[in-house]
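Listed below, chain by chain, are the residues.
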Amino acid sequence: MSSTGTAKDATRTKEGAAKAAARRRAPADAPAPAPSALGKVERPDGPHGSLVVLALLRRKQSPNQIFEAIARAHRPIAHFRMAGDHVYIVSDPQLVTDVFLTHARDVMKGRGLQAARPLLGNGLLTSEGEFHLRQRRLAQPAFHKQRIATYAEQMVTEAVRHEGGWTDGGHVDMVEEMTSLTFAIVGRTLFGTDLTGDARTFGDTLEELMNGFGQLSAIGNERIVRALPKGRHLLSRVEDLDAVVQRIIDEHRADVANGIDRHDLLSWMIQARDDEAAATYGTSMSDEQLRDEVMTFVLAGHETTAMALSWAWWLLASNPDIAGRLHDELARVLDDGVGGLRAPSYEDISSLPYTYAVMAETIRMYPPAWIMGRRLLTDLRVGDWDLPSGSIVLGSPWILHRDERFWGDATTFRPERWVDADGAFDESAPGVPRGAWIPFGFGNRRCIGEQFAWTEAVLVLATLAAKWQPELVPGTVVQTQAAVTLRPRNGLPMTLRRHTDAPHV
Ligand code: HEM
C-alpha cells in the first residue's frame, strides 16, 4: 500500500504506525529485571561504548565482524556500554551454555528483538514466560515429525516450480531467488496460502525493516527512535507487511467460518482463539496476537533458511570440487533408472549425507541467526565475573562457530567434517564442546522450526543442485551484512549453469 495519496491512505498510515508503535511496548505481564543487589562491581575489559556505537553506525565493518574482534580481544567476556546498558559478549561455549540454557529462567530476550517489536509484536520469538510457553505448545503440533514429512512434498513441489523459471545462462540474484522460494514454501506449508505474488513486496520491505531496526537498536531508546524520521518511516512500512498478513488471516477466517479446516498452523491458532480450544489454552488469542504470531512465523520461517541456502550457493560456486562431490551424490541417489533424475523426497534425506553436510558446514560458517541476546532478570555470576541484573549478554554463533580452538581450519569450507566413519551425516562428528555449535539456540527458546529448516534446506538444495551449478558473476565482492540475520551485503549475482547430465524436462 502506498503511504502517500488519498487522505484515507494517510489516516490509515497514521493508524498503522500508531499500532506498530503500540506493539513496541512490552505487555503488562512481561518480566522485568529485579533491582541489582551487587552495588559497585568490577567489570571485564572491553572497548569504550561510544566507539562501538560509532563503528555500528558507520557500517564500514559489519556488526558480526565488530563483535568478533571485540570478543577475540577480550576472552572469555568482553564488556562495553551501549545506549545506557552494560553489554557483555560471552565467547566461551560453557559460559554461553550457562547463561542461555542453565539460567534460561533468569533471563529474557535482549535488545535486538525488542527493537523489532513494532514488526514482530508479542509473537513466539519475542514473548516471555508462561505466555511464551503456552504459545509454543500451541504451535508445536505444526512441527511434529509427521507434519514435516507432509511438508517435504510441498517443499519439493515449490522448488521444482521455482526452477521451472530458470534458464541456462540466465542471470539471477540468488538471495532474491532463495527468499522468494522459502517465502512461497512457508506460505504453502504453514498457512496453506499462495504467497508467490507477495514475495517481492515482502522481501524488499523486510530487508529495509531488518536493517533499519537493527541499526536503531544501537540507539535503543524508544522515544528517540520514534522521533527520528527514519524510525517513523520504518514504523509506517510495517503497515505494508500487515496488509499481507491480514489477507492470510482473513482467508483462513472465511474458511473456518465455512467449516473448512485447513489443518495448518493458522487454523489451529484461529480455533484456539475462537472456540473451546481457548479453554485448553487459558485465554483466547486476540486479533493482534494472531497477527503477531503469523508475522513471526512468516519472518522466522523463511528469511533464515533463505540465507542458509544463499550462502550455500556462494560457497559451492567458490569450491568447485565440493560442488562436484555434491552433484555426484545427487546424481547417484536421484537416478531414475532411465537416464534422468527424479525429484527428491523426504525418504531420500538419510541417503544424502553429503548434501546435509554441505548445509551444516554453510550454517557453521554463515549462521543465519548470527547473534542471540538476553537481558538478565537477576544478578548472575558468569565465569569469574558478577553481572548485575538488567545487563545484556550476547552469545554469537558467528564467533563460536569460527573459533579455531574448537574447529580445525575454522575458516575453510569443509563439509567432510560432518560425515562420520560410516559415511553418515552426524551432527556430533566435529567433536566440539557443548555450546560451540549453536545455530538453532538453546532449551525452550531453541528454534521451533529446526527440523523444518533442515528438511527444507536439504530438499531444496538437492532439487536444484541436481540440475544446476550457478556461478558467481566475475568481479563480485561478497561481504557479510549482519542485521537480524546474516546476509550477503549486496546480494549474490549469479549466472545459472545447467549440468550437462541434467535432462531438459
Ligand atoms: C536455517 C534456518 C534457521 C535458523 C538458523 C534458525 C535459528 C533460530 C534461533 C537461533 C532461534 C533462537 C533465537 C533466540 O534464542 O533468541 C530461533 C527461534 C525461532 N525460530 Fe528459527 N531458525 C531457522 C529456521 C526457522 C524456521 C524454518 C522456522 C519456522 C518455520 C523458525 C521459527 C522460529 C521461531 C518461531 C523461533 C522462536 C522460538 C521460541 O522462542 O519459542 N525458524 N531460530
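Residues numbered from 1 in each chain as written. Predicted model: local features only at pLDDT ≥ 70, side-chain atom pairs only at ≥ 80, totals over all residues. Heavy atoms only, no water.

**Overview of the coordination of the iron atom of the ligand**
Thought 1: There is one protein donor for the iron atom of the ligand, and it is Cys447 (SG), at 2.3 Å.
Thought 2: Mapped onto the fold, Cys447 is located in the loop between α18 (397-400) and α19 (450-465). (Donors = N, O, S within 2.8 Å, 3.2 Å for Na, K, Ca; no water. Helix = DSSP H or I, 4+ residues; strand = E, 2+ residues; numbered from the N terminus.)

**Topic: the pattern of salt bridges**
Side chains that carry opposite charge are capable of pairing whenever their charged atoms lie near each other.
Thought 1: Scanning the entire structure with this criterion turns up 23 salt bridges.
Thought 2: For Arg161, the salt bridge identified is with Glu158, shortest N-O distance 3.1 Å. Taken as a pair, Arg161 and Glu158 lie in helix α8 (residues 145-163) at a separation of three residues, close to a single helical turn.
Thought 3: In this structure Glu158 comes out as buried when scored by relative accessible area, which is 4%.
Thought 4: It is possible to trace a salt-bridge network through shared partners that takes in Arg75, Asp403 and Arg405. (Salt bridge = Lys/Arg side-chain N within 4 Å of Asp/Glu carboxyl O. Buried < 20%, exposed > 50% of the residue type's maximum accessible area, 1.4 Å probe, protein only.)

**Here we look at the site of the ligand**
Thought 1: In the vicinity of the ligand lie 27 residues, with His132, Arg136, Arg374, Arg445 and Cys447 positioned nearest.
Thought 2: At 3.3 Å from an oxygen atom of the ligand is found a main-chain nitrogen or oxygen belonging to Leu124.
Thought 3: In this structure, an oxygen atom belonging to the ligand sits 2.6 Å away from a side-chain N or O atom of His132.
Thought 4: Listing elements by their share of the shell around the ligand, those giving two or more residues are α7 (129-139), α15 (287-318), β5 (372-376) and α19.
Thought 5: If you tally residues by element for the shell around the ligand, the top one is α15, at five residues.
Thought 6: Taken together, the residues of the shell around the ligand sort by class into 15 nonpolar, seven polar and five charged. (Near = heavy atom within 4 Å. Polar contact = N/O pair within 3.5 Å; in protein donor to acceptor, adjacent residues only side chain to side chain. Nonpolar A, V, L, I, M, F, W, Y, C, P; charged D, E, K, R; others polar.)

**Here's the deal with helix α16 (residues 320-333)**
Thought 1: Helix length check: α16 (14 residues) gives 20 Å between terminal C-alpha atoms against 20 Å at 1.5 Å per residue, within 8%.
Thought 2: Burial in α16 covers these residues: Ile322, Ala323, Leu326, His327, Glu329, Leu330 and Val333. For α16, the angular spread of buried residues about the axis comes to 160°, placing them on one side. In α16, those exposed residues whose orientation departs by more than 90 degrees from the buried face are Pro320, Asp321, Asp328 and Arg332. (Expected span 1.5 Å × (residues − 1). Arc of directions from axis to C-beta.)

**Here we look at the packing of aromatic side chains**
Thought 1: Enumeration according to the criterion identifies 19 aromatic pairs in this entry.
Thought 2: Chaining the aromatic ring pairs together yields one cluster made of Tyr356, Trp407, Trp418, Phe425, Trp437, Phe440 and Trp454.
Thought 3: The ring of Tyr366 has Arg402 lying over it, and the distance from NZ or CZ to the ring centre is 5.0 Å.
Thought 4: For Arg402, the ring lying beneath its charged end belongs to Trp398, and the centroid distance is 3.9 Å. (Phe/Tyr/Trp six-rings, centres within 6.5 Å; stacked < 30°, edge-to-face > 60°. Lys NZ or Arg CZ within 6 Å of the ring centre and 35° of its normal.)

**Considering the sheet that holds strand β12 (residues 493-495)**
Thought 1: As summarised here, the arrangement of the three strands in space is β4-β12-β9, forming an open sheet in which the pairing is antiparallel. Looking at strand neighbours, the two that pair on one side only are β4 (171-173) and β9 (471-472), the edges of this open sheet.
Thought 2: The pairing of β9 with β12 spans two bridges and is classified as antiparallel. Following the sheet pairing, Glu471 is matched in β12 by Thr495. (Pairing = 2+ DSSP bridges.)

**Quick notes on the side chain of Thr455**
Thought 1: Summarising the element assignment, Thr455 is placed in helix α19.
Thought 2: Its relative accessible area of 5% is what places Thr455 among the buried residues.
Thought 3: Leave out the neighbours within four places in its chain, and Thr455 touches Ile148, Ala152, Met155, Tyr346 and Ile349. (Contact = heavy atoms within 4.5 Å.)

**With respect to the sheet that holds strand β8 (residues 392-395)**
Thought 1: In spatial order, the strands read β1-β2-β8-β5-β3; together these five strands make up an open sheet with mixed pairing. What marks the edges here is a single partner per strand, and that holds for β1 (77-82) and β3 (107-109). Averaged over all neighbouring strand pairs, the angle between strand axes comes to 30°, with direction disregarded.
Thought 2: Judged from the four bridges that link them, β5 and β8 form a sheet pairing that is antiparallel. Within β8, the position partnered with Arg374 by the bridge is Val393.
Thought 3: Together, β1, β2 (85-90), β3, β5 and β8 form the strand contacts of helix α4 (residues 93-102), whose direction differs from that of β8 by roughly 125°. (Axes fitted to C-alpha atoms, helices over the stretch in contact; angles between N-to-C directions.)

**Observations concerning the nonpolar core**
Thought 1: Membership of the largest hydrophobic core comes to 126 residues, with the highest contact counts inside it found for Phe67, Leu119 and Phe297.
Thought 2: A total of 16 residues in this core trace back to one element, the largest contributor, which is α15.
Thought 3: Those residues within four positions of Phe297 in sequence are excluded, and the remaining contacts are Leu124, Ala139, Phe143, Val186, Leu190, Phe191, Leu265, Met269, His302 and Ile448.
Thought 4: By size, the runner-up hydrophobic cluster in this structure holds 17 residues, among which are Val90, Leu95, Ile438 and Phe442. (Core = buried A, V, L, I, M, F, W, Y, C linked by side-chain atoms within 4.5 Å.)

**Comments concerning the environment of Gln154**
Thought 1: Inspection of the secondary structure assignment puts Gln154 in helix α8.
Thought 2: Given the relative accessible area of 28%, Gln154 is considered partly exposed.
Thought 3: Sequence separation between Gln154 and Glu456 is 302 residues; the distance between their C-alpha atoms is 9.7 Å.
Thought 4: When near neighbours in sequence (up to four residues on either side) are disregarded, Gln154 contacts Arg188 and Thr189.

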